[in-house]
Amino acid sequence: MTYLFQILNGIGLGMLYFLLAVGLSVIFGLLQFVNFAHGAFYLLGAYFTYDLVERGVSFWVAMPVAAVLVTLIAAATEIVLLRRIYKLPHTFHILVTVGLALMIQELAIIAWGPLGGNVPAPEAFNGVIIIGNFVYPEYRLFVIVFTAILAGALWWVLEGTRVGAVVRAGSESAENTALLGYNTLRINSAVFGLGAGLAGLAGALAAPIRGVEPFMGLEALGIAFIVVVIGGMGSYTGALLAGILVGVTQSVMASLWPEGARLMIYLGMALVIVTMPRGLLGRA
Amino acid sequence: MINRRRVLQAGALAGSSLILPALGGRAFSASEAIKIGIPVPISGAFAANGKFASLGAILAAEQASKQFGRDVSTLDLDTEGKPATAVRKVQDALDSSGIKLFAGGILSSESLAMGKEALRRNGVFFTTAGADEITGSDCNAATFRWSVPTYGAIEQTVRPLIDLLPNAKKWYTITPQYVFGEGLLGVSKAIFAEKGIEHVGNSYHSLTEKEFSGYLTNAIAAAPDALLILNFGSQSSDTLRQAVSFGLKNRMTIVVAWASGLEQFEALGADICEGVYFGAQYWHGVDAPGNQALVKSVRERFNINPNYSLAGSYILTKLLIEAAVQAGSTDGDKVAAALRGKVYEGLTGEETIRAGDNQVIKDYYLMKGKAKKDMADKDDFVDIVSRGKSFLSPEAAGCKLG
């Protein structure tokens, strides 16, 4: 029974990890751009939610508003700064985005201070579900269901719509997509903004679980990269599979070998790098 | 509106403006400057603690300047919470600024390293870090500690709670796997064994862990009467926040053995803290003349109530300055001699620096979170349940100052 709950808990974690990582994966898939500022957008989403809730705004309003704000900020950053370095080697991507992440982190400290804060779970999901001796927070169940629906919607957009087809075409060949008359610069900005916006949404959803603190972006970035590397860079379904695998591993290991819970995630990533360098579902 | 966050932002600027000419270890004249190094994490996961510590040190220096009529200043040394960085910053301060007196070190690992460096270079290092070894098996003549170590912290939280809650016969622990956590867990187990308490399980976790739901599920499966949280800082906040979301407050007593006090309660909010037991080194509501004077000064200077990080750093810096003035020197041996055996009116009442191991003998507090409706003001998060002093003798702690 304990393991069953650990698996359920792991799926909940995994869905959050997926939401966090899928934006990073899609951005890399389309732009071949390594975005080390991804965790900072997660941080911004959490803090915008915190700020709005502190001002008395309902969580149900604060969550989407935070995600939209992050999307707009990320898109503006892409237009003003990042698109100028796409053609440079990856080391420049890392340099610029790490700098951007540090700037966002320090701005968060200036705006909200170095202490963390708490975001209460919305009233409708503030309780727990009790099954026998076990309990599970209703809010975490909400996160699982909400993220699953969102994952389905995203998959449909990417695989079943004209917009998705253009994005996928752009990731295969930006030149050919441009020759077909599409404005690839605009597509890039939109995809970068939406990818970062998903990280912002993950931050907003995670805030009632984890609270907010200025260094939360670093941990999120680490998890996002693990998920993307295991799932395969640029793979949507890979990110979903890897997110759940990482979440379930982390949770089940808490029962089997608690002190090795983190270690197993990193070992799993190392194993995938050695045996399947493109990740579980990565493209050639 | 002035609030704690604004104060921290202003404090960072004030700290950087307090850099004065260096002093060597020689005797100094009555008008000469004293400079104290403040090696604390100003960046990284423990930055909030470090920034408040910086404010406390600045206040102590300002007061000493007026009291002794000489320039007294502090220099922040950002340790980033890393032992190697901490030692390098202390070495730089010794070499380039001639600073020999240091007050800081929030994490045990960095404090142990800095204490050794202070000894090697004839300095003095005064810390608030918790691991028993600092004034135990790894003690040295140059390292002093204000905080109650892990032994006393558990003795003053777990033992009184077992008496207070006679029906709590089964306890579960969540422990960070490093020297500090092992210290807390070891003392807890000894008390459990002595009192006939069943220790139904323990979950170790790493220092970087942020997700505690898996460990909490283990705790739920063990069906304890009490959950004892043995980690520190943001990790204990994360554990407690997630424990409350799992409804554990309604199923068992929750105890955070080593809470940061006010800064942690502010971050968590009253709803999470209500009904939870906290062990703490300091509380601004303590009825002691030394504390009342500090609370008044901090309110006047920063318009906030002092928290543990600020208060701890304040008292360390104040004691070092007074010892340097008394010794007429910043020479490590002379300052250490002036500190050893000192009895003074401290933040928790009368405090003594025990000569045998350089450990300050002071109270540790067991507190209980209040309901929001019962709070007299925005910082009135807890009631003090009990207080007391519990310390191993220097011999029992394994300290030989040599």
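Remember, it's a predicted structure, so these values are computed and weren't measured experimentally.

1. Observations regarding unusual backbone geometry
Residues and elements named next belong to chain B.
Right, on to step 1. The backbone phi angle of Ala223 is positive, close to 50°, even though this residue is not glycine.
Right, on to step 2. Classification of Ala223 as partly exposed rests on a relative accessible area of 37%.
Right, on to step 3. Positive phi is not limited to glycine here, since Asn358 has a value of about 65°.
Right, on to step 4. Take Asn358: it is sitting in the loop between strand 12 (349-353) and strand 13 (360-361).

2. Observations concerning the nonpolar core
Generally speaking, nonpolar side chains in soluble globular proteins are found buried as a group.
Right, on to step 1. One finds Phe41, Phe192 and Leu205 of chain A to be the most contacted residues of the largest nonpolar core, which totals 83 residues.
Right, on to step 2. Per element, the largest residue contribution to this core is 14 residues, and it comes from helix 1 (residues 2-31) of chain A.
Right, on to step 3. Once residues within four sequence positions are removed from consideration, Leu205 of chain A is found in contact with Leu16, Leu19, Met63, Tyr139, Phe142, Val143, Phe146 and Thr147 of chain A.
Right, on to step 4. Counting residues in each nonpolar core, the second largest holds 79 residues, with Phe126, Ile191, Phe192 and Ile315 of chain B among its members.

3. Thoughts on the packing of aromatic side chains
Right, on to step 1. Under the defined criterion, the tally for this structure stands at 26 aromatic pairs over all chains.
Right, on to step 2. Their ring planes at 75° and their centres at 5.5 Å tell us that Phe59 of chain A and Trp60 of chain A sit as a pair that is edge-to-face.
Right, on to step 3. Among the aromatic side chains, those forming a connected cluster through ring pairs are Phe59, Trp60, Phe125, Tyr139, Phe142 and Phe146 of chain A.
Right, on to step 4. For the cation-ring pair, Lys362 of chain B lies above Trp146 of chain B, with the distance from its terminal atom to the ring centre recorded as 4.5 Å.

4. A short note on the pattern of salt bridges
Right, on to step 1. Throughout the structure, instances matching the rule amount to 26 salt bridges over all chains.
Right, on to step 2. Note that Arg55 of chain A is salt-bridged to Asp51 of chain A, the shortest N-O span being 2.4 Å.
Right, on to step 3. Its relative accessible area of 17% is what places Asp51 of chain A among the buried residues.
Right, on to step 4. The salt bridge involving Glu211 of chain B is made with Arg140 of chain A; its shortest N-O contact spans 3.1 Å. Residue Glu211 of chain B is found in the loop between strand 7 (198-205) and helix 8 (213-222), and its partner Arg140 of chain A is found in helix 5 (residues 138-160); the two belong to separate chains. In this pair, the class of Glu211 of chain B matches that of Arg140 of chain A, namely buried.
Right, on to step 5. When salt bridges that share partners are traced, they join Arg140, Arg210 and Glu219 of chain A together with Glu211 of chain B into one network.

5. Describing the sheet that holds strand 15 (residues 382-388) of chain B
Residues and elements named next belong to chain B.
Right, on to step 1. With mixed pairing, the 7 strands of this open sheet are ordered in space as 7-6-8-9-10-14-15. Two strands close off the open sheet at either side, each with one partner strand: strand 7 and strand 15. On average, adjacent strands in this sheet sit at an angle of 20° to one another, irrespective of strand direction.
Right, on to step 2. Bridge analysis of strand 14 (residues 364-369) against strand 15 gives 6 bridges, and the strand direction is antiparallel. Looking at the pairing, Gly369 lines up with Val382 of strand 15.

Cut-offs used in this document
- Residues numbered from 1 in each chain as written.
- Chains lettered and ligands numbered in written order.
- Predicted model: local features only at pLDDT ≥ 70, side-chain atom pairs only at ≥ 80, totals over all residues.
- Heavy atoms only, no water.
- Buried < 20%, exposed > 50% of the residue type's maximum accessible area, 1.4 Å probe, protein only.
- Helix = DSSP H or I, 4+ residues; strand = E, 2+ residues; numbered from the N terminus.
- Core = buried A, V, L, I, M, F, W, Y, C linked by side-chain atoms within 4.5 Å.
- Contact = heavy atoms within 4.5 Å.
- Phe/Tyr/Trp six-rings, centres within 6.5 Å; stacked < 30°, edge-to-face > 60°.
- Lys NZ or Arg CZ within 6 Å of the ring centre and 35° of its normal.
- Salt bridge = Lys/Arg side-chain N within 4 Å of Asp/Glu carboxyl O.
- Pairing = 2+ DSSP bridges.
- Axes fitted to C-alpha atoms, helices over the stretch in contact; angles between N-to-C directions.

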